[in-house]
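Listed below are the residues making up each chain.
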Protein chains: 2
Amino acid sequence: MSDASPPIEEFEIFADRLADVAAVETMKRFRKGGPVFNKAGIWFDPVTDADREAERMQRRMINAVYPKHGIIGEEFGAENEGAPYRWVLDPVDGTRSFVCGAATWATLIALEEDTRPILSIIDQPFTKERWRGVGGKTRYSRGRKKTICRTSGVTALAKARVSTTDPRSISYFTASEAKLFDEVARKAQVTRFSLDAYAYCLLALGEMDLVIETGMHRHDYSALIPIVEGAGGVITNWLGEPVGTRERASVAAAATPELHAEVLDYLKDYG
Amino acid sequence: MSDASPPIEEFEIFADRLADVAAVETMKRFRKGGPVFNKAGIWFDPVTDADREAERMQRRMINAVYPKHGIIGEEFGAENEGAPYRWVLDPVDGTRSFVCGAATWATLIALEEDTRPILSIIDQPFTKERWRGVGGKTRYSRGRKKTICRTSGVTALAKARVSTTDPRSISYFTASEAKLFDEVARKAQVTRFSLDAYAYCLLALGEMDLVIETGMHRHDYSALIPIVEGAGGVITNWLGEPVGTRERASVAAAATPELHAEVLDYLKDYG
């Protein structure tokens, strides 16, 4: 098989193996007690350990199978960043959920071709849920259950279920962004917090209608794009540009173009 | 078998059946699409339907097996409320999570003897997790995996993982309560939102350290008490009294008495 341009199906199978490997490392440490000093006085932080060990294993696999590919990961930075194919890795997105025992963290894997994500996987190994975005489709699997994802079709903010990871101005939002989110959320039907990437997975399933965030890094957002778009959703930054156009990456993901346009009217001054 | 004072083990088995019955009704409707008008123009709200159908089935079972027992439920009010034994039912706690597809809602069942909960079950049927609090112990099961629950042992707010369902002043908190929660949360290690009763289950598992809420009803809090106390945690209102002493029920649940005392110092003026 030529390394120059293998079929996307090969990358897909490989991405599944990357998710499987991460799951072994994360599940070893999930709900095994929070961060503690052990008897030798050494600090044990399960989420950092899970993140590092998983990413280390994934990098080893990529280096072995696709030595010319680039890698961008949360824990160990960039490797061969200018390569035409780049893997973008975040073994534990939602570290706060992980450390609180809530199964709403996820493993994010994206493959970018010339900076555009062409396939991605979002995996939640505790609930055994996996989303795969590739070739303009998003597929969901849980054990033997497999479905094609479709966003909800909700077109108006007044009927929307909206999510952001933290509505306060102490984590991601500035004070004015927090105020703006609050304004949008008050017009919506229901608001849920603390879901990180999992919120976009619910959007793909048609169960959430709108996700608004900011302060995102490439490893946070790259995998979201094929998942949301493959399910029929729209995902851009707050100005309507491709996510990552600006240095401080904001995200507005919506079930429909109509809902996206309505919300961008609020957000565009803050992008 | 005498109906007057059957052994607690009999109630326990019965409570498990009440949870099983609720799971059938809730899982039929979870992630089957949000509230919509159907083709006949009739409004379909899956969470209300799940709540009602489950509670109806549960009441029928209680009336058949324990006709002298009282019932308090969210959907159909109180029945024979003054009876020495009372079942307190909430088939879908966390309706907002349910309607957004997030598997952090739960079915709550408590049995009260003279207003004090003597056993309870919290069930999450999507993840197949069940917590049982009875006889001063809390047990967790997921499939074949069974464990005894112990809270984390965290004694200081600065090391605590803290949760509340909504930190804003538009749902549960008044403006001053929201400000107070924010103050407490800023001193803590990690904060997670939108977990409803599931946060107390994570506390029992030793994965969360502190849960602070207000505006709770009997069907929201009764089942929490045996689960938190049986795992070694402390649960009172914001004044340190038994939950439900005041009409507007507040809750402060902590992993240890030390952490509980530290937090009550902040909360007591607002109880």
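Report follows, based on the coordinates. (Residues numbered from 1 in each chain as written. Chains lettered and ligands numbered in written order. Predicted model: local features only at pLDDT ≥ 70, side-chain atom pairs only at ≥ 80, totals over all residues. Heavy atoms only, no water.)

All names here are of chain B. Spatially, 12-11-13-15-14 is the arrangement adopted by the five strands of the open sheet, whose pairing is mixed. Both outer strands of the open sheet, strand 12 (190–193) and strand 14 (234–236), are each paired with one neighbouring strand and no more. Looking at each pair of strands side by side, their axes are set apart by 15° on average, direction ignored. As defined by bridge partners, strand 11 (residues 161–164) adjoins strand 13 (residues 210–216) across two bridges and the pair is classed as parallel. In the strand pairing of strand 13, valine 162 is matched with leucine 210. (Pairing = 2+ DSSP bridges. Helix = DSSP H or I, 4+ residues; strand = E, 2+ residues; numbered from the N terminus. Axes fitted to C-alpha atoms, helices over the stretch in contact; angles between N-to-C directions.)

This part covers helix 4 (residues 175–187) of chain B. Each turn of an α-helix holds 3.6 residues, which means side chains three or four residues apart point in the same direction. Residue and element names in this part refer to chain B. The end-to-end C-alpha distance of helix 4, which contains 13 residues, comes to 19 Å, matching closely the 18 Å that a straight helix rising 1.5 Å per residue would cover. Residues of helix 4 that are buried: Glu177, Ala178, Leu180, Phe181, Val184 and Ala185. Along helix 4, the residues classed as buried sweep out an arc of 160° about the axis, all on the same side. More than 90 degrees from the buried face of helix 4, the exposed residues found are Ala175 and Lys179. Against strand 11, strand 12, strand 13 and helix 8 (257–267) lie the buried residues of helix 4. (Expected span 1.5 Å × (residues − 1). Buried < 20%, exposed > 50% of the residue type's maximum accessible area, 1.4 Å probe, protein only. Arc of directions from axis to C-beta. Contact = heavy atoms within 4.5 Å.)

Residue and element names in this part refer to chain A. If you trace the eight strands from one edge of the open sheet to the other, you get 4-3-5-6-7-8-9-10, paired in mixed fashion. Of all the strands in the sheet, just strand 4 (77–79) and strand 10 (145–148) have a single pairing partner and so form its edges. Sheet twist, expressed as the average angle between the axes of neighbouring strands with direction ignored, equals 15°. When strand 3 (residues 70–73) meets strand 4, the two strands line up antiparallel, connected through three bridges. Among the inter-strand pairings, isoleucine 71 is bridged to a residue of strand 4, identified as glutamate 79.

Counting residues at the interface gives 38 residues for chain B and 38 residues for chain A. The largest contributions to the chain B side of the interface with chain A come from Cys100(B), Arg192(B) and Glu207(B), which together make up 22% of the buried area. Here chain B and chain A share four salt bridges between them. Notably, a salt bridge pairs Arg192(B) with Asp196(A), separated by 3.2 Å at the nearest N-O pair. Between chain B and chain A we count 18 residue pairs in polar contact (both at pLDDT 80 or more) in total. Those elements giving two or more residues to the side of chain B that touches chain A turn out to be helix 3 (95–99), strand 9 (137–142), helix 4, strand 12 and helix 5 (198–204) of chain B. Here the element with the most residues in the side of chain B that touches chain A is strand 12 of chain B; it accounts for four residues. For the side of chain B that touches chain A, the residue count by class is 16 nonpolar, eight polar and 14 charged. (Buried area = accessible area lost by both parts, 1.4 Å probe. Salt bridge = Lys/Arg side-chain N within 4 Å of Asp/Glu carboxyl O. Polar contact = N/O pair within 3.5 Å; in protein donor to acceptor, adjacent residues only side chain to side chain. Nonpolar A, V, L, I, M, F, W, Y, C, P; charged D, E, K, R; others polar.)

Among all positions of helix 8 (residues 257–267) of chain A, only Leu259(A), His260(A), Val263(A), Leu264(A) and Leu267(A) are buried. In an axial view of helix 8 of chain A, the angular spread of the buried residues amounts to 135°, which keeps them on one side of the axis.

Attention now goes to the packing of aromatic side chains. All names here are of chain B. Inspection of the entire model under this criterion finds 31 aromatic pairs over all chains. Look at phenylalanine 14 and tryptophan 87: their rings are 5.4 Å apart centre to centre, the planes differ by 65°, and that puts the pair in the edge-to-face class. On the criterion of sequence distance, the pair formed by phenylalanine 14 in helix 1 (residues 8–27) and tryptophan 87 in strand 5 (residues 85–93) is long-range, its members being 73 residues apart. By relative accessible area, phenylalanine 14 is classed as buried at 8%. (Phe/Tyr/Trp six-rings, centres within 6.5 Å; stacked < 30°, edge-to-face > 60°.)

With an axial shift of 0.0 Å and an RMSD of 0.0 Å, the rotation relating chain B to chain A amounts to 180°. Here the two chains are linked by the operation of a two-fold rotation axis. Comparing interface residues between copies, 100% of those in chain B also sit at the interface in chain A, which points to an isologous, same-surface contact. (Least-squares fit on C-alpha atoms with pLDDT ≥ 70 in both.)

Another aspect to go through is the pairing of strand 9 of chain B. Residues and elements named next belong to chain B. As paired elements, strand 8 (residues 129–134) and strand 9 share six bridges and run antiparallel to each other. Within the sheet, the bridge partner assigned to tryptophan 131 lies in strand 9 and is tyrosine 140. From the end of strand 9 to the start of strand 10 (residues 145–148), which pair antiparallel, there are two residues, and glycine 143 there has a positive phi angle of about 55°.

A few words now on the pattern of salt bridges. Inspection of every chain in the model, using the stated rule, returns 46 salt bridges over all chains. Notably, a salt bridge pairs Glu241(B) with Arg246(B), separated by 2.5 Å at the nearest N-O pair. Counted as one network, the salt bridges with shared partners bring together Asp16(A), Arg17(A), Asp20(A), Asp123(A), Arg130(A) and Arg132(A).

Mapping Glu241(A) onto the fold places it in the loop between strand 14 (234–236) and strand 15 (249–254). Classification of Glu241(A) as buried rests on a relative accessible area of 19%.

Tallied over the full model, the rule gives zero disulfides over all chains. Of all cysteine sulfurs, the one in Cys201(B) lies closest to Cys100(A), which takes part in no disulfide; the gap is 14 Å. (Disulfide = S-S within 2.5 Å.)

Here we take up the packing of helix 1 of chain B against helix 2 (residues 46–65) of chain B. All names here are of chain B. Packing of helix 1 against helix 2 brings their axes to within 8 Å, and their N-to-C directions diverge by 150°. Considering their axes alone, helix 1 and helix 2 lie roughly antiparallel with respect to each other. Viewed along their axes, helix 1 and helix 2 form a crossing whose handedness is right-handed. Contact residues: Phe14, Arg17, Leu18, Val21, Ala22, Glu25 and Thr26 in helix 1; Ala50, Glu53, Ala54, Met57, Gln58, Met61, Ile62 and Val65 in helix 2. Considered class by class, the residues forming the contact of helix 1 with helix 2 number ten nonpolar, two polar and three charged. (Parallel < 35°, antiparallel > 145°, perpendicular 65-115°, else oblique. Left-handed = near helix turned anticlockwise from the far one by under 90°.)

On their own, these measurements won't tell you what the molecule is for.
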